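Working through the structure, step by step
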Amino acid sequence: MEPMPIHDRDKKEWLSTSQWMYLLLFSTILCSGVLVYNFSNQLADCSPAPFLYVTLHDEPHNVIKMSRNGCIISTSTLEREKNSYLRYIETGAKHILSKARLRTMAAGKYKGLDALYVANAKAGRDEILVYSGRCDRFGKRRLLARAVTKLVDGDFVDTEHTSIAMEHPYGLTFDAEGNLYVSTQHTDLVLRYRADTFAPLSAPDLSTENPPKPELISSEFSLGSTSLVTNVAKQVHNGSFVDFSNLNDHRVYEGVRGIAYVDGHIWIAHENINGIVVADISTGIIRYVIAVEKPISLLLDNDRGVVFVGVKGRRSQSATVYAVDVSTMKITKAYNHNNAKHATGIVLHEDTLFVADQGLSSIILFDVNTGEYKGKLRHLPYVEDLMLSDC
């Protein structure tokens, strides 16, 4: 048999390579189609909007979007805006969410438009971030503003739009006029800022006053020793609304937690006081202290007229969450899971109460009417906060 001519052999090898390329391309398309089909089927099994927004104590340094039956839809809901050059030099963070420590979220307004507010407690970059109220076509929310920050071009200053007291922001809420309230763990304050401009809005200086002692509200569920026996008598920081760091009768550190606006008052969960502090928004004077051991998270339900309170510790408690009547300030219902230890976030959808618990590293569910435990949603390490979103 005569050897194949060189040009015919090269042609045959080229055709073989081409066939392999087409086969590889066909296989890739087929596999992609299978993956898309499977992903589509998985999404079809997920509950529709509203979705759960979830923050974790550490990674993924962004807001997780998931369905109410536990499907993870996105782990990067917030758009990653690039930092300015000066902030990059100071912090080493190429983008705003780099190594962020996201805590609570709150739906509010920014210049008349719906917005999502997020507390970033990353040391040295403590700030409140404002994102769009609507998602883009990729399901992301874009950054609108830095509402309040501790850092300006590498310097720590206490001027308009900044606050040296902004250390480890935790809770967020808004009053009826849209003013922003922020609880800060490391300085044990509640700060207040004007809507849209975010100019500091301090409560009146009470240093020369003799404000009345707050009234203690207890109930059959109240446990622990409530230690706040006097009122706040000094405002020291730009934007201070309530300052727990000045109380001389007990040592407080990182005690202030979740906050909520309720009918002309700010409710403040303070775990070291073992109570929910109720302060008048016009004066900052504490009117009441509702005795609850180690309160952490607060959620107002206007329809039922209650505030849900997530608690921590459970050394002597029999509940994970309490319902407190807003008119009587008495605990009316308890929701219990034996192994839950740290209820950091609460949302309510229809008749289901979703509770983020760091002790269980998961989201647990209760029937809001009966108090019956309905099960766990999924494992989420060091889950922080929950919020409902339509997109």
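Before reading further, recall that the structure is shown in the block above.
Residues numbered from 1 in each chain as written. Predicted model: local features only at pLDDT ≥ 70, side-chain atom pairs only at ≥ 80, totals over all residues. Heavy atoms only, no water.

**A short note on the overall build of the chain**
Within the chain, the secondary structure is distributed over two helices and 27 strands. Within the chain, the proportion of its 391 residues that are buried is 52%. The long-range fraction of contacts in the chain, counting pairs at least 24 apart against all pairs at least 6 apart in sequence, stands at 49%. (Helix = DSSP H or I, 4+ residues; strand = E, 2+ residues; numbered from the N terminus. Buried < 20%, exposed > 50% of the residue type's maximum accessible area, 1.4 Å probe, protein only. Contact = heavy atoms within 4.5 Å.)

**Here's the deal with the state of the cysteines**
Following the criterion strictly, the structure yields two disulfides and no others. The disulfide partner of Cys-46 is Cys-71, and the S-S distance across this bridge is 2.1 Å. Measuring the twist about the S-S bond at about -100°, one finds the Cys-46-Cys-71 disulfide to be left-handed. A residue pair is termed long-range when its members are at least 10 positions apart, and Cys-46 in the loop between helix H1 (6-44) and strand E1 (51-56) and Cys-71 in the loop between strand E2 (64-66) and strand E3 (72-74) qualify at 25 residues. We note that Cys-46, like Cys-71, is buried. Disulfide partner of Cys-135: Cys-391, at an S-S distance of 2.1 Å. Taking the sign of the torsion about the S-S bond as the criterion, the disulfide between Cys-135 and Cys-391, at about 70°, is right-handed. One end of the pair, Cys-135, is in the loop between strand E6 (127-132) and strand E7 (143-149); the other, Cys-391, is in the segment after strand E27 (383-389), and 256 residues separate them in sequence. For Cys-391, a relative accessible area of 21% puts it in the partly exposed group. Disulfide partners in the chain, listed by the sequence order of the bonded cysteines, are 1-2, 3-4. (Disulfide = S-S within 2.5 Å.)

**Quick look at the pairing of strand E24 (residues 352-357)**
Across the six residues of E24, six count as buried, placing the element largely inside the fold. Alternating positions in E24 separate into two faces, Thr-352, Phe-354 and Ala-356 on one and Leu-353, Val-355 and Asp-357 on the other, with burial throughout. The pairing of strand E23 (residues 343-349) with E24 spans six bridges and is antiparallel. Along E24, the bridge assignment pairs Leu-348 with Leu-353. Taking the residues that link successive antiparallel strands as the turn, the E23-E24 hairpin has two residues, and the phi of Glu-350 there is positive, at about 55°. The pairing of E24 with strand E25 (residues 362-367) spans six bridges and is antiparallel. Bridging from a neighbouring strand, Ala-356 pairs with Ile-363 of E25. Hairpin connection of E24 to E25: four residues between the antiparallel strands, including Ser-361 at a positive phi of 50°. (Pairing = 2+ DSSP bridges.)

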